[in-house]
Amino acid sequence: GENVEQHPSTLSVQEGDSAVIKCTYSDSASNYFPWYKQELGKGPQLIIDIRSNVGEKKDQRIAVTLNKTAKHFSLHITETQPEDSAVYFCAALWRDMGRRALTFGSGTRLQVQP
Amino acid sequence: DAGVTQSPTHLIKTRGQHVTLRCSPISGHKSVSWYQQVLGQGPQFIFQYYEKEERGRGNFPDRFSARQFPNYSSELNVNALLLGDSALYLCASSLRGAGNTEAFFGQGTRLTVV
């Protein structure tokens, strides 16, 4: 099956700085990579995703890059704000004999210091 | 618009008991997936249902079962509860199978087994 590794586990930045979270995956057949933000006591919220036919996608202050050759993808948050503080999860779509499921990384706790 | 709704939000059970968790997907969505999230980890795939049929199962024991109803709502059942089943159980809704379109999560059911 798929294995997703995520780094760093914790990240502290000053308000206004950029934050970068990196993930690697093992299954070269994976073709869909979403990112989720999870606040305390809530379910994960989809913030951006990328498919394997593109290398980069942006949505305002958030961007995701994908390197299929190296099997890694990254989340970039610019001009961070205190409300960006949360746990962020990367995921990769895993397929096996008709089954499809998201395999998640272990999460990054982002703390934005005002 | 109503998002994914899960009930109950919190639950305390005793070892050996049985539990049923419920999920209503976003209107128009036909696929429901269940995930288990242990504290400090990323969600782990349990089941996927699409058009009322099981389309995938993760590495969970047979004590875990699920079903999807004609209105696309779903139930997750866990028998013979163990302390290790304590976790946040998340339901994700998607228009078709996960990966074909985005998966949106509910707020989860926090299960505590004592």
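It should be noted that the structure appears before, not after, this text.
Just so you know, these numbers come straight off a predicted model, no measurement behind them.

For this particular structure, what's the right way to read unusual backbone geometry?
Trans peptide bonds make up most of the peptide bonds, and negative phi angles are found at most residues other than glycine. Residue and element names in this part refer to chain A. For the bond from His7 to Pro8, the omega torsion is -5 degrees, close enough to zero to count as cis. Looking at the secondary structure, you find Pro8 in the loop between β1 (4-7) and β2 (10-14). Unusually for a residue other than glycine, Lys71 sits at a positive phi of about 55 degrees. With respect to the helices and strands, the residue Lys71 is situated in the loop between β7 (62-67) and β8 (72-77).

Is there a simple way to think about the sheet that holds β8 of chain A in this case?
The pairing of strands in a sheet comes from backbone hydrogen bonds and takes either a parallel or an antiparallel form. Residues and elements named next belong to chain A. Pairing is antiparallel in the open sheet, where 5 strands are placed in the order β1-β3-β8-β7-β6. Lying at the two open borders of the sheet, with one neighbouring strand each, are β1 and β6 (56-59). Taking the axes of each pair of neighbouring strands and ignoring which way they run, one obtains an average angle of 15 degrees across the sheet. As defined by bridge partners, β1 adjoins strand β3 (residues 19-25) across 4 bridges and the pair is classed as antiparallel. If you follow Gln6 over to β3, its bridge partner there is Cys23.

What is the right way to read the packing of aromatic side chains from this model?
Here the distance between the centres and the angle between the planes together describe a pair of aromatic rings. Residues and elements named next belong to chain B. According to the stated counting rule, one finds 13 aromatic pairs over all chains in the structure shown. Ring plane angle 50 degrees and centroid distance 6.2 Å describe the contact between Phe47 and Tyr49, whose orientation is recorded as tilted. A relative accessible area of 1% means that Phe47 is categorised as buried. Given the relative accessible area of 7%, Tyr49 is considered buried. Relative to Phe64, the ring of Phe60 lies with its centre 5.2 Å away and its plane at 65 degrees, an arrangement referred to as edge-to-face. Each member of the pair Phe60 and Phe64 is classed as buried.

How should the environment of Arg67 of chain B be read in this particular structure?
Residues and elements named next belong to chain B. For Arg67, the location among the structural elements is in strand β7 (residues 64-68). We classify Arg67 as partly exposed; its relative accessible area is 43%. Spatially, the C-alpha atoms of Arg67 and Tyr49 are 7.4 Å apart, while their sequence positions differ by 18 residues. Each residue touching Arg67, except ones within four places of it in the same chain, is listed here: Tyr49, Ser73, Ser74 and Glu75.

Whenever I open this one, the sheet that holds strand β1 (residues 5-7) of chain B confuses me. Can you help?
Residues and elements named next belong to chain B. Read from one edge to the other, the open sheet built from 4 strands follows the order β1-β3-β8-β7, with strand pairing classed as antiparallel. This sheet does not close on itself; its edge strands, each paired only once, are β1 and β7. Each strand of the sheet is rotated relative to its neighbour by a mean of 15 degrees, with strand direction disregarded. As judged from the 5 bridges shared by strand β3 (residues 19-24) and strand β8 (residues 74-78), these two strands associate in the antiparallel manner. Residue Thr20 lies in a different strand from β8, and its bridge partner there is Asn77.

Explanation requested: the state of the cysteines in the structure shown.
Covalent bonding between the sulfur atoms of two cysteines defines a disulfide. Across all of its chains, the model carries 2 disulfides over all chains by this definition. Disulfide pairing is shown between Cys23 of chain A and Cys90 of chain A; the S-S distance is 1.9 Å. The sign of the S-S torsion, about -100 degrees, decides the handedness of the disulfide formed by Cys23 of chain A and Cys90 of chain A: left-handed. Linking Cys23 of chain A in strand β3 with Cys90 of chain A in strand β9 (residues 86-96), this pair joins segments that are 67 residues apart in sequence. The side chain of Cys23 of chain B participates in a disulfide bridge whose partner is Cys91 of chain B; the two sulfur atoms lie 1.8 Å from each other. Taking the torsion about the S-S bond as the criterion, the Cys23 of chain B to Cys91 of chain B disulfide, at about -60 degrees, is left-handed. Of the two residues, Cys23 of chain B sits in strand β3 while Cys91 of chain B sits in strand β9 (residues 87-94), which places them 68 residues apart along the sequence.

Calculation rules
All residue numbers here refer to positions counted from 1 along the written sequence of the relevant chain. The lettering of chains begins at A and the numbering of ligands begins at 1, in the order of writing. Local features in this predicted model are restricted to residues whose pLDDT is 70 or higher, and side-chain atom pairs enter the listing and the counts only when it is 80 or higher, whereas totals over whole chains, interfaces and linings include all residues. Note: side-chain values were computed over all heavy atoms of the structure, leaving out hydrogens and water. Put simply, DSSP H or I for four residues or longer makes a helix, DSSP E for two residues or longer makes a strand, and each gets a number counted from the N terminus. Strand pairing follows a simple DSSP-based rule, namely that at least 2 bridges must link the two strands. Axis definition: a line fitted to C-alpha atoms, over the contacting stretch in the case of helices. Angles run 0 to 180 degrees between N-to-C directions. Between the rings of Phe, Tyr and Trp (Trp by its six-membered ring), a pair exists once the centres lie within 6.5 Å; its type follows the angle of the planes, with under 30 degrees stacked, over 60 edge-to-face, and the other angles tilted. The buried label applies to any residue whose accessible area, calculated with a 1.4 Å probe on protein chains only, is under 20% of its type's maximum; exposed applies above 50%, and partly exposed to all values in between. By definition, residues are in contact when any of their heavy atoms lie within 4.5 Å. A pair of cysteine sulfur atoms is labelled a disulfide when the two atoms are within 2.5 Å.

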